[in-house]
Each structure stands twice: as C-alpha cells, then as structure tokens.
Amino acid sequence: MPPRRPRPTAPPPIPTPPQTELFPEAVLVEPLDARRVGGERTRVRGVWRVRYESERAPHRVWHDRHGWYCEEHGPRCRAVTAVRPED
Ligand SMILES: [Zn+2]
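Residues numbered from 1 in each chain as written. Predicted model: local features only at pLDDT ≥ 70, side-chain atom pairs only at ≥ 80, totals over all residues.

Draft legend 1. Structural detail: the overall build of the protein. On a plain count of helices and strands, the protein comes out with 2 helices and 4 strands. Along the chain direction, N to C, the helices and strands of the protein fall in the order β-α-β-β-β-α. Going through the 87 residues of the protein one by one, you find that 14% of them count as buried. Long-range contacts, defined as pairs at least 24 residues apart, comprise 19% of the intrachain contacts of the protein with a sequence gap of at least 6. (Helix = DSSP H or I, 4+ residues; strand = E, 2+ residues; numbered from the N terminus. Buried ≥ 20, exposed ≤ 12 C-beta atoms within 10 Å, placed from the backbone. Contact = placed C-beta atoms within 7 Å.)

Draft legend 2. Inspection of the confidence of the model for the protein at higher detail. Scored by pLDDT, the protein comes out at a mean of 85, with 86% of its residues at no less than 70. Averaged pLDDT values over the elements of the protein bottom out at 80 in helix 1 (residues 34-38) and peak at 96 in strand 4 (residues 67-70). (pLDDT = per-residue confidence, 0-100.)

Draft legend 3. A look at the sheet that holds strand 2 (residues 46-52). One open sheet accounts for 4 strands, arranged 1-2-3-4; its pairing is antiparallel. Looking at the sheet topology across the chains shown, the edges are occupied by strand 1 (27-32) and strand 4. Here the strands of the sheet are splayed against their neighbours by 20° on average, with no regard to which way each runs. With 5 bridges joining them, strand 2 and strand 3 (residues 59-64) adopt antiparallel strand pairing. (Pairing = 2+ DSSP bridges. Axes fitted to C-alpha atoms, helices over the stretch in contact; angles between N-to-C directions.)

Draft legend 4. Molecular detail of the nonpolar core. Judged by nonpolar contacts, Val 47, Trp 48, Val 50, Val 61, Trp 62, Trp 68, Cys 70, Ala 79, Val 80, Ala 82 and Val 83 together constitute the single largest core of 11 residues. By residue number, the principal contributor to this core is helix 2 (residues 78-83), which donates 4 residues. Not counting the four nearest positions on each side in its chain, Trp 48 is found in contact with Val 29, Glu 30, Pro 31, Leu 32, Val 61 and Val 83. (Core = buried A, V, L, I, M, F, W, Y, C linked by C-beta atoms within 7 Å.)

Draft legend 5. Seen up close, the pairing of strand 2. Bridge count for strand 1 against strand 2 is 6 bridges, and the pairing is antiparallel. Pairing of Leu 28 across the sheet is with Arg 51, part of strand 2. In this antiparallel pair of consecutive strands, strand 2 and strand 3, the connection spans 6 residues.

Draft legend 6. Structural view of the environment of Arg 60. Its place among the elements puts Arg 60 in strand 3. You can call Arg 60 partly exposed: it has 17 C-beta atoms within 10 Å.

This is the structure in structure tokens:
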C-alpha cells in the first residue's frame with residue numbers, strides 16, 4: 001500500500017498589495033479661490049476641496065507657509081496626497 005499522503009492544505013491567502021494607482025477611489029479635486037476662502041490679503045497659495053466617493057464630508061486642503069495640510073485631518077490626510085504634486 002502506498003503511504004498516505006497528507007491532504008493538501010489550502011495555500012495561505014495572498015495579501016493584496018496596496019493599490020498603486022494614484023486614485024484608488026473616485027475622488028473629486030476642486031480648486032477653490034484662495035482669496036475668497038482666506039481673505040483678500042491671504043498668503044495662501046492654494047485651497048482645494050477634495051471629495052471622496054465614500055465620504056460625505058469633503059476635505060479642505062491648504063497650501064500655505066505651513067505647507068500642505070487638510071483643515072480637519074492635518075498634513076497626513078490622504079486628501080493632501082490627492083492634491084499635492086509628487087516630488
Ligand atoms: Zn482630511
């Protein structure tokens with residue numbers, strides 16, 4: 001009698017790699033008028049409204065002397081990544 005072979009086990013699940021596309025989720029980036037948002041004498045270089053499909057509230061991303069940041073979530077918000085050019 002041939003030796004019993006162990007039953008094949010299911011291969012471990014392959015972790016899905018993080019999506020490398022720039023916008024894995026539908027995102028709408030809308031530039032705003034910095035002067036209207038920050039005032040006539042603002043030094044803000046840019047303001048954007050960023051909407052994600054899955055989120056109800058839009059993000060507001062600023063670019064000014066403090067750098068790039070989301071009004072609500074700070075510089076590490078993914079909305080910042082959506083607006084900021086890659087360097
Ligand atoms: Zn945000």
